[in-house]
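Now for the letters of each chain:
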Amino acid sequence: TTTTTTTTSRGETSSMDVNASLKKTYSDRQQATLNAVETNNIQLAASEDSTSLQESISGFVAGGALAAVKTVVKYPLDTVTVRLQMPNAQYSVSDLGRLFSGSYNGVTLSLLSNVPGGAVFFAVKDAAKASLKTAAWTSAAPKWVTTTMAVGAALLPYWIVRNP
């Protein structure tokens, strides 16, 4: 071991083991780091619930809006596609007015089914994904794995709401 001799401001001489001093400094720094990590983990755990709730609410709103826009845009196109594919149909591409007439008939029932289903799907998926992101056992997993698990968790509630 290395021993150093130092002189204090009062003229007193003291010997200190350098290795012991370094070990104490390292131990103090290590303890400070562990305290910071523990404090950070407590803060993350407290914010995890609010983050999952925020993700769930934003997913609910976004999913409902997505389903509504998708239904309103695609419904007439699906109607036109079916009309053109019917055998002996009286519809034709040359008469677009007749082809698209009444293409929104029945869209209300589709909206009543699709909007809540989309809202629930994205709410559950986003909340599950936020929870999986902070879980210790999935922290090292690739992003596609957590996304797949979140989608899998959201499918059952989606189908229950969409087809009661």
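Residues numbered from 1 in each chain as written. Predicted model: local features only at pLDDT ≥ 70, side-chain atom pairs only at ≥ 80, totals over all residues. Heavy atoms only, no water.

Student: Explanation requested: the overall build of the protein chain in the structure shown.
Tutor: Of regular secondary structure, the protein chain possesses four helices and two strands. Going from the N terminus to the C terminus, the protein chain shows its helices and strands as β-β-α-α-α-α. In the protein chain, which comprises 164 residues, the proportion classed as buried is 21%. In the protein chain, once contacts between residues fewer than 6 apart in sequence are set aside, the share between residues at least 24 apart is 57%. Looking at the protein chain as shown, the accessible area adds up to about 11500 Å², and 62% of this sits on carbon and sulfur atoms. (Helix = DSSP H or I, 4+ residues; strand = E, 2+ residues; numbered from the N terminus. Buried < 20%, exposed > 50% of the residue type's maximum accessible area, 1.4 Å probe, protein only. Contact = heavy atoms within 4.5 Å. Areas by Shrake-Rupley, 256 points an atom, 1.4 Å probe, with all protein chains shown as cover.)

Student: What's the story with unusual backbone geometry in this structure? I'm lost.
Tutor: In most cases, non-glycine residues show a negative phi, while peptide bonds are predominantly trans. Despite not being glycine, Asn88 shows a phi value in the positive range, around 55°. Structurally, Asn88 is set in the loop between helix H1 (18-85) and helix H2 (96-100).

Student: Teacher, can you tell me more about the pattern of salt bridges here?
Tutor: Where charged atoms from two side chains of opposite charge approach closely, those side chains can pair. Overall, the coordinates contain one salt bridge when judged by the stated rule. Notably, a salt bridge pairs Asp126 with Lys125, separated by 2.9 Å at the nearest N-O pair. In terms of burial, Asp126 and Lys125 fall into one category: buried. (Salt bridge = Lys/Arg side-chain N within 4 Å of Asp/Glu carboxyl O.)

Student: Looking at this structure, how should I read the packing of helix H3 (residues 107-134) against helix H4 (residues 143-162)?
Tutor: Helices that pack against each other are described as a pair by the angle of their axes relative to one another and the distance between those axes. Two elements in contact, H3 and H4, have axes whose closest approach is 8 Å; the angle formed by their N-to-C orientations is 145°. Handedness of the H3/H4 crossing: right-handed. Taken together, the residues that form the contact of H3 with H4 break down as 15 nonpolar, six polar and four charged. (Axes fitted to C-alpha atoms, helices over the stretch in contact; angles between N-to-C directions. Left-handed = near helix turned anticlockwise from the far one by under 90°. Nonpolar A, V, L, I, M, F, W, Y, C, P; charged D, E, K, R; others polar.)

Student: What should I look at first to understand the side chain of Ser113 in this one?
Tutor: Take Ser113: it is sitting in helix H3. We classify Ser113 as buried; its relative accessible area is 19%. Of the polar contacts made by the side chain of Ser113, one reaches the backbone oxygen of Arg162; its length is 3.3 Å. (Polar contact = N/O pair within 3.5 Å; in protein donor to acceptor, adjacent residues only side chain to side chain.)

Student: What's the story with the layout of surface pockets in this structure? I'm lost.
Tutor: Taking a probe equal in size to a water molecule and rolling it over the atoms shows the remaining empty space. Roughly 280 Å³ of internal volume is contained in the largest pocket. Forming the boundary of the largest pocket are 15 residues, of which Ala67, Lys70, Thr71, Asn114 and Tyr158 lie nearest the centre. When contributions to the lining of the largest pocket are tallied by element, the ones reaching two or more residues are H1, H3 and H4. Of the residues forming the lining of the largest pocket, the biggest block, eight residues, is contributed by H1. Residue composition of the lining of the largest pocket, by class: six nonpolar, five polar and four charged. (1 Å grid on protein atoms, 1.4 Å probe; cavity = no way out; pocket = protein on both sides within 12 Å on 5 of 7 lines; lining within 4 Å. Points joined across faces, edges and corners; volume = space filled by probe spheres on them.)

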